[in-house]
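Residues per chain, in single letters:
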Amino acid sequence: MTTDKFILTHGAALQAKYGSPGLTKIEMAVRTLIKSDAKRGISTRLLCLDRAADMAPYGGPVPATKSTGRDVKLAVDKLCAAEAPHYLMLLGGPDIVPLVPLQNPAFGPNGDDDKTVPSDLPYACAAPYSTDPSRFMGPTRVVGRLPDLIGAKQPRLLIRFLNAAARAKPLPRSAYESAFSLSAEIWHQSTE
């Protein structure tokens, strides 16, 4: 059976953050989402990027301790090469599934103060790992993140998000046809 959507997370990081009881609650909420997806005709599977059994078909797990954006990008690329899923959902904030620190092209004395921009964009692209944002101009993967709060001790928010995703009902296409955008004044030049 083909898997349409993979939910990707780091089990050891979730357990370190929320303990075994918290991890159990998260896994129960993920199972509810998987069942809801099945009713929508979407085959969904949870993969813990750090678990050898989950990642054996895709070149092995990411480090169980502190994984990097490079580690996760390599794992995502191997998974997508083997499975070609329609959707990838990153489960947890950047302390669970790290972001890739892209070089900020707007950094400089007359621009932005941030040297890097943490991003999930590289996970959406087939190009190999890099911190150069120009390498990721053509996303070919649908990637979303269901975040939790950095520093949280209880997984309440993450479970609430998972339950909301499980209850979600699709809207008709017409609901998405009009567009609205909002930007900050400091980003005026790049937004244009």
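Residues numbered from 1 in each chain as written. Predicted model: local features only at pLDDT ≥ 70, side-chain atom pairs only at ≥ 80, totals over all residues. Heavy atoms only, no water.

Colleague: I would appreciate a short explanation of the state of the cysteines in the present structure.
Modeller: Each disulfide consists of a covalent bond between the sulfur atoms of two cysteine residues. Enumeration according to the criterion identifies 0 disulfides in this entry. No disulfide involves Cys80; its nearest neighbouring cysteine sulfur is the one of Cys125, lying 11 Å away. Accessibility expressed as a relative area gives 11% for Cys80, which makes it buried. Take Cys125: its relative accessible area is 2%, and that puts it in the buried class. (Disulfide = S-S within 2.5 Å. Buried < 20%, exposed > 50% of the residue type's maximum accessible area, 1.4 Å probe, protein only.)

Colleague: How do you make sense of helix α3 (residues 69-83) when you look at a structure like this?
Modeller: Side chains three or four residues apart in an α-helix point the same way, a direct result of the helix having 3.6 residues per turn. Spanning 15 residues, α3 covers 21 Å between terminal C-alpha atoms, matching the ideal 21 Å at 1.5 Å per step. Regarding α3, the residues found buried are Gly69, Val72, Lys73, Ala75, Val76, Asp77, Leu79 and Cys80. Buried positions along α3 lie against β1 (5-9), β2 (44-48), α2 (52-55), β3 (87-91) and β4 (100-103). Phi turns positive one or two residues past the end of α3, at Ala84, with a value near 50°. (Helix = DSSP H or I, 4+ residues; strand = E, 2+ residues; numbered from the N terminus. Expected span 1.5 Å × (residues − 1). Contact = heavy atoms within 4.5 Å.)

Colleague: Explanation requested: the nonpolar core in the structure shown.
Modeller: Burial of nonpolar side chains together is a common tendency in soluble globular proteins. Leu8, Ile26, Leu91 and Leu162 are the most contacted members of the largest nonpolar core, which has 39 residues in total. Of all the elements in the fold, those that place two or more residues in this core are β1, α1 (11-39), α3, β3, β4 and α4 (156-167). The element contributing the most residues to this core is α1, with 8 residues. (Core = buried A, V, L, I, M, F, W, Y, C linked by side-chain atoms within 4.5 Å.)

Colleague: Is there a simple way to think about the pattern of salt bridges in this case?
Modeller: Two side chains that carry opposite charge are able to pair once their charged atoms sit near each other. Under the counting rule described, the total for this entry stands at 9 salt bridges. Taking the shortest distance from any N to any O, the salt bridge between Asp37 and Lys5 comes out at 2.6 Å. Placement of the pair is Asp37 in helix α1 and Lys5 in strand β1, with a sequence separation of 32 residues. Relative accessible area serves as the criterion here: at 2%, Asp37 is assigned to the buried category. In this structure Lys5 comes out as buried when scored by relative accessible area, which is 12%. Ionic pairing is found between Asp120 and Arg145, a salt bridge with its closest N-O pair at 2.6 Å. Pair noted here: Asp120 is in the loop between β5 (116-119) and β6 (142-146) and Arg145 is in strand β6, with a separation of 25 residues, a long-range link. (Salt bridge = Lys/Arg side-chain N within 4 Å of Asp/Glu carboxyl O.)

Everything listed here is a matter of coordinates, which is why it stays silent on function.
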